[in-house]
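# Observations on chain architecture
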Amino acid sequence: MRSDLGLIKNLELSIGKIVEETWTEPVGPTPFPSLTTLREWDMKLLQRYKPFYLPFCDVCCLCTFGKCDLTGGKRGACGIDMAAQQSRIVLLACCIGAATHTGHARHLVEHLIEKYGRRMPLDVGGLNIQVEAPITRLVCGVKPETLGDLEEILDYVEQQITHCLSVCHTGQEGGNLDFESKVFHVGMLDHVGMEVADIAQIAAYGFPKGDPDAPLVDLGYGTVNIEKPVILCIGHNVVPSVGIIDYMKENGLDGEIEVCGLCCTAHDMTRYYNRGKIIGPISWQLRFIRSGVPDVVVLDEQCIRTDAFYEAQRIKAPVIVTSEKNCMGLPNRTNDSADAIVEDLVSGKTPGVLILDPEKVGEVAVKVALKVTPLRKKFKAIPEVDEILQIVKECRQCGDCRRACPQDLHIPEAMKAAMEGSLAKLADLYDLCVGCGRCEEACPAGLQVHSFIIKAGEKKLKEETYKVRAGRGPIQDVEIRNVGSPIVLGEIPGVVAFVGCSNYPKGGLDVAEMCREFANRRYIVVTSGCSAMTAGMYKNEEGKTPYEEFTGEFTAGCLVNVGSCVANAHIAGAAIKIANIFAKRNLRANYEEIADYILNRVGAVGVAWGAYSQKAASIAAGFWRLGVPVIVGPHGIKYRRMLLGRADREEDWYVYDARTGEKVHVGPAPEHLFYAAETKEEAMVMIAKLCMRPNDTTKGRAIKLTHYIDLHKRLYGTMPEDIHRFVRTIADIPVTMKDEIIKILEEKGWKETVIPDPTLLSRLIRKKKE
Amino acid sequence: MVMSAEPWQTAEIPGPKKALVITKPEVVAAMIKRAQHPVLVVGHKASETDFEGGKLVDFIIEFSKKTGIPVVATAHMIGEFAKRGFKPAAFMPAVDIGNRLVDPSWTGVDGKGPHDLALFVGLYYYMEWTILSGLKHFAKHLKTVSLDNVYHPHASWSFPNLSHEEWVKNLKVIMEKV
Ligand code: SF4
Ligand code: SF4
Ligand code: SF4
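Being a predicted model, the structure only gives us computed values, none of them experimental.

Between chain A and chain B, the residue contacts involve 51 residues of the former and 48 residues of the latter. A buried area of about 3900 Å², summed over both sides, lies between chain A and chain B, and 58% of it is on carbon and sulfur atoms. For the interface between chain A and chain B, the tally reads 7 salt bridges. Its salt-bridge partner being Glu 721 of chain A, residue Lys 87 of chain B comes within 3.3 Å of it at the nearest N-O pair. Joining chain A to chain B, the criterion identifies 24 residue pairs in polar contact (both at pLDDT 80 or more). The set of elements that each furnish at least two residues to the side of chain A that touches chain B consists of strand S1 (50–53), helix H3 (82–116), helix H14 (400–404), strand S17 (641–644), strand S20 (672–676), helix H27 (680–690) and helix H28 (698–716) of chain A. A per-class count over the side of chain A that touches chain B returns 25 nonpolar, 10 polar and 16 charged.

Here is the structure:
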């Protein structure tokens with residue numbers, strides 16, 4: 001048997017040192033899958049959700065034969081066509097994303113092993129979380145118990161990422177769907193890497209262990225006490241921040257200094273130290289540095305502006321870079337004495353250093369902050385209002401800033417108003433600006449357009465004081481047991497995860513509004529990364545942020561922040577645990593069956609409203625392979641291809657009934673796998689729609705339809721035109737809308753159908769039809 | 001004033017094949033008249049863009065009524081049309097209509113067979129150029145026209161970057177000539 005063969009071979013080859021005696025579950029068919037092990041599953045998904053390619057560029061420029069013109073069906077000098085080229089670039093992007101998380105995980109695990117030893121147990125929630133690593137168990141078929149066990153898992157992930165990356169080489173894969181299958185593969189690996197990173201840091205650093213009551217922590221520029229020395233950490237790797245916090249605590253300085261963060265480091269810092277402050281998402285980097293508030297800037301890795309060192313120099317703040325991946329051209333002072341480094345940074349002899357020892361980073365950052373603060377007097381890089389009113393007169397009204405702005409903001413008009421003495425229009429841009437700085441690069445007059453916007457919006461910036469629940473990590477097994485049944489039956493209308501970066505089309509408020517809308521509708525709402533911060537940047541009439549308004553327990557009507565980007569693994573993990581803990585499907589190396597279960601039964605949708613990075617691409621890919629659809633904001637269309645279902649193609653929407661083997665038409669549920677929404681309104685209607693699953697009970701379907709129709713009516717002003725595709729029996733119809741809907745069904749020639757025990761895997765049919 | 005035919009977004013540098021510039025609006029009118037089965041895709045910005053005291057969407061409605069070209073409303077535009085008592089032929093996400101247009105066997109928004117001409121207006125610039133790029137590469141049976149006031153390099157035909165006034169004038173000429 002194919003599966004037996006795979007099983008024996010892989011067990012011998014790959015499991016190596018991993019202790020697995022304690023896990024009695026039999027190994028499923030796909031332990032440590034290779035590039036093609038799950039290809040059949042991928043092709044099933046890709047048949048239904050065919051890629052729609054949106055080439056970002058007409059040419060290929062990857063080799064010296066080129067550039068090659070790939071327009072109009074032409075092939076490159078290597079033979080590749082445009083469809084394959086687009087999916088090749090998607091694969092490349094996902095390899096970058098997966099390598100980034102996995103590289104981060106490797107570093108973290110190595111560091112923690114050095115500090116705490118290989119045998120340190122992976123406790124991520126004690127008895128409350130017995131399935132500590134659902135993705136790893138599912139993919140690899142092993143149950144990691146100690147920090148040391150994670151090394152072998154990373155060996156596998158790294159090996160597979162290398163293979164996937166090699167597929168991107170000129171003259172390898174030629175089939176676009178095979179590229180896509182490999183995209184899914186690397187996305188799946190990415191989730192393993194993320195899980196490893198997060199469970200390692202939770203266990204070693206004592207982050208909240210699946211705690212629904214994780215503390216509320218401060219969020220926003222206005223929460224920073226600027227009277228104190230301020231250390232700003234940017235990036236995604238908490239290790240140097242831990243060095244800083246530990247040093248402060250050990251020396252009784254934690255009341256004296258403010259430690260704050262941007263991006264995911266900020267999340268992880270507050271999981272370790274609840275007095276840490278989160279400034280905001282990635283797009284706050286320029287505005288916060290230029291404000292002059294940080295006295296020391298510490299950079300670790302990922303999502304750092306590569307001009308952060310230059311920007312910090314403008315405010316005369318010393319910089320410490322701490323990662324091999326980001327040395328910024330600075331001298332390596334790892335082996336020098338802390339005091340010598342401190343002296344050089346404080347005196348300005350050197351504006352920045354590379355220190356690869358996190359403990360030394362801690363000591364140096366704290367000492368420098370204490371010494372440099374009285375000297376630098378919060379030197380700003382943002383001009384004062386009267387200065388701005390003078391400089392703007394140099395604006396030529398050429399419009400280059402607007403044409404460079406990804407949001408097409410009406411900057412020239414705002415500049416014109418400024419030339420006439422009013423900064424009000426510039427202030428209006430503050431909420432919409434994603435802080436990329438392209439406007440300034442474009443300006444032929446060298447005007448600091450972004451700085452002007454920040455100054456104009458300064459009042460808003462200073463009023464940014466919010467709360468966000470510190471990242472809680474995994475979802476408890478008991479929470480899964482409680483919600484499993486209502487989710488699978490459709491009574492909890494869906495699980496919506498707001499994840500990712502901050503390339504928002506119309507400012508961040510949209511994210512907060514979407515979270516509130518779905519939490520109020522009693523969906524399970526989960527957040528992570530920059531979206532989790534953005535969701536907190538809003539207050540209701542009572543002055544409460546969404547995290548104060550909704551519970552942190554994983555249940556209907558919640559708002560759960562799992563944590564930093566690597567904590568996204570817990571969102572996928574929760575879906576997997578629903579199949580495993582609630583539905584008792586075997587987990588161990590049983591990927592297809594679990595993914596099939598999720599696709600057909602778990603109404604989960606990911607929303608990356610401001611997705612921008614390659615990591616966001618690979619995270620999405622990991623969700624796709626599991627059967628979880630992902631919606632991105634309009635900028636996400638630049639990921640080069642969508643995976644779209646065709647509701648109008650009847651033949652695409654059949655599943656097997658596992659009871660009888662009969663093929664049953666189940667309608668377009670879920671309709672798409674990857675999809676860019678144009679507006680917030682469209683995204684909201686689509687979230688409700690994509691939560692529908694073939695397995696919904698009649699009661700559950702009625703609830704889901706109620707939300708879909710209700711949102712459609714409110715946001716589109718009309719009834720949806722595809723209700724007939726989702727009503728399977730008369731009982732599915734929401735009672736309050738019965739007459740209206742029956743009329744539509746009659747017009748559409750609707751016929752009742754059965755509700756199957758749905759699966760796409762013929763091997764799961766229990767009684768084969770004769 | 002007619003600005004040069006450079007893409008509106010500075011770095012959106014096209015490849016070897018870029019849109020022909022509509023210098024005379026009459027050309028578009030003639031293309032529409034010649035087309036067997038055109039379709040007009042209208043994005044959400046049509047309700048935000050001013051047009052002669054009203055909004056662009058008001059012009060679109062008149063245009064569709066006059067030419068009989070079926071309208072596909074994307075995003076929440078359907079509500080904006082409904083408010084004005086106009087019923088588009090279909091509403092669907094922008095990526096969905098793009099995806100259907102690449103399929104030569106798709107029978108169109110009205111079931112009357114494949115479209116041979118697709119006009120676009122009112123999407124985010126970057127959404128429109130990516131969708132037009134998809135169509136340029138994968139919908140050989142289809143010609144595309146952007147009716148926005150900015151240059152869309154991936155369309156078959158596009159206006160250059162135009163001032164608002166110039167653009168309004170051009171659209172009115174098209175309306176007259178169809
Ligand atoms: S990799 Fe292929 S398509 Fe790309 S430039 Fe080289 S030969 Fe041309
Ligand atoms: S910094 Fe803001 S205003 Fe400037 S280009 Fe970027 S988004 Fe536009
Ligand atoms: S690019 Fe500079 S000069 Fe041109 S309009 Fe913008 S601010 Fe003015």
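All right, on to the site of ligand 1 then. Close contacts around ligand 1 come from Cys 60, Cys 63, Phe 65, Gly 66, Cys 68, Gly 76, Ala 77, Cys 78, Ile 80, Arg 88 and Thr 170 of chain A, and that covers them all. The class makeup of the residues in the shell around ligand 1 is 7 nonpolar, 3 polar and 1 charged.

Right, let's talk about the packing of aromatic side chains for a bit. All told, the structure shown has 18 aromatic pairs over all chains when counted by the stated rule. Both rings, one in Phe 518 of chain A and one in Tyr 523 of chain A, keep their centres 4.9 Å apart while their planes meet at 90°; by these two values the pair is edge-to-face. Comparing Phe 518 of chain A with Tyr 523 of chain A shows no difference in burial state: the two are buried. Arranged with centres 5.9 Å apart and planes meeting at 20°, the rings of Phe 59 of chain B and Phe 63 of chain B form a pair that is stacked. One end of the pair is Phe 59 of chain B and the other is Phe 63 of chain B, both in helix H2 (residues 56–67) and 4 residues apart, which spans about a single turn. By the ring-pair criterion, three or more aromatic residues cluster together here, those being Phe 184, Trp 624, Tyr 639 and Phe 674 of chain A. Against the face of Tyr 272 of chain A rests Lys 249 of chain A, its NZ or CZ located 5.6 Å from the ring centre.

Going through the model one piece at a time under the given rule, you end up with 75 salt bridges over all chains. Taking the shortest distance from any N to any O, the salt bridge between Arg 646 of chain A and Asp 103 of chain B comes out at 3.0 Å. Here Asp 103 of chain B lies in the loop between helix H4 (94–101) and strand S7 (117–121) and Arg 646 of chain A lies in the loop between S17 and strand S18 (654–657), a pairing that spans two chains. In the salt-bridge network here, residues are joined through shared partners; they are Arg 646, Asp 648, Arg 649, Glu 651 and Asp 652 of chain A together with Asp 96, Arg 100 and Asp 103 of chain B.

Rules behind the numbers
Every chain is numbered on its own, with residues counted from 1 as its sequence reads. Chain A is the first chain written and ligand 1 is the first ligand written, with later ones labelled in order. Two thresholds apply to this predicted model, a pLDDT of at least 70 for residue-level local features and 80 or more for giving and counting side-chain atom pairs, whereas whole-chain, interface and lining totals are computed over all residues. Only heavy atoms go into the side-chain values, all of them from the structure, while hydrogens and water stay out. In this analysis, two residues are considered to be in contact whenever any of their non-hydrogen atoms come within 4.5 Å of each other. Summed over both partners, buried area is the accessible surface (1.4 Å probe) that two parts give up on being assembled. Note on definitions: salt bridges are taken to be side-chain nitrogens of Lys or Arg within 4 Å of carboxyl oxygens of Asp or Glu. In the analysis that follows, any N or O atom pair within 3.5 Å is treated as a polar contact, provided that within protein one partner can donate a hydrogen and the other can accept it, and provided that, for residues neighboring in sequence, both atoms belong to side chains. The helix and strand labels rest on DSSP assignments: H or I over at least four residues marks a helix, E over at least two residues marks a strand, and numbering proceeds from the N terminus. As a working rule, the residues Ala, Val, Leu, Ile, Met, Phe, Trp, Tyr, Cys and Pro are called nonpolar, Asp, Glu, Lys and Arg charged, and the rest polar, with Gly in that last group. Only a single heavy atom is needed: when it lies within 4 Å of a molecule or strand, its residue is near that molecule or strand. For this analysis, a ring pair means two rings from Phe, Tyr or Trp (six-membered ring only for Trp) whose centres lie within 6.5 Å, classed as stacked if their planes differ by under 30 degrees, edge-to-face if by over 60, and tilted for the remaining angles. To sort residues, take the accessible area from a 1.4 Å probe on protein chains only and compare it with the maximum for the residue type: under 20% means buried, over 50% means exposed, and anything in between is partly exposed. Working rule: Lys NZ or Arg CZ, within 6 Å of ring centre, within 35 degrees of ring normal, means a charge sits over the ring.

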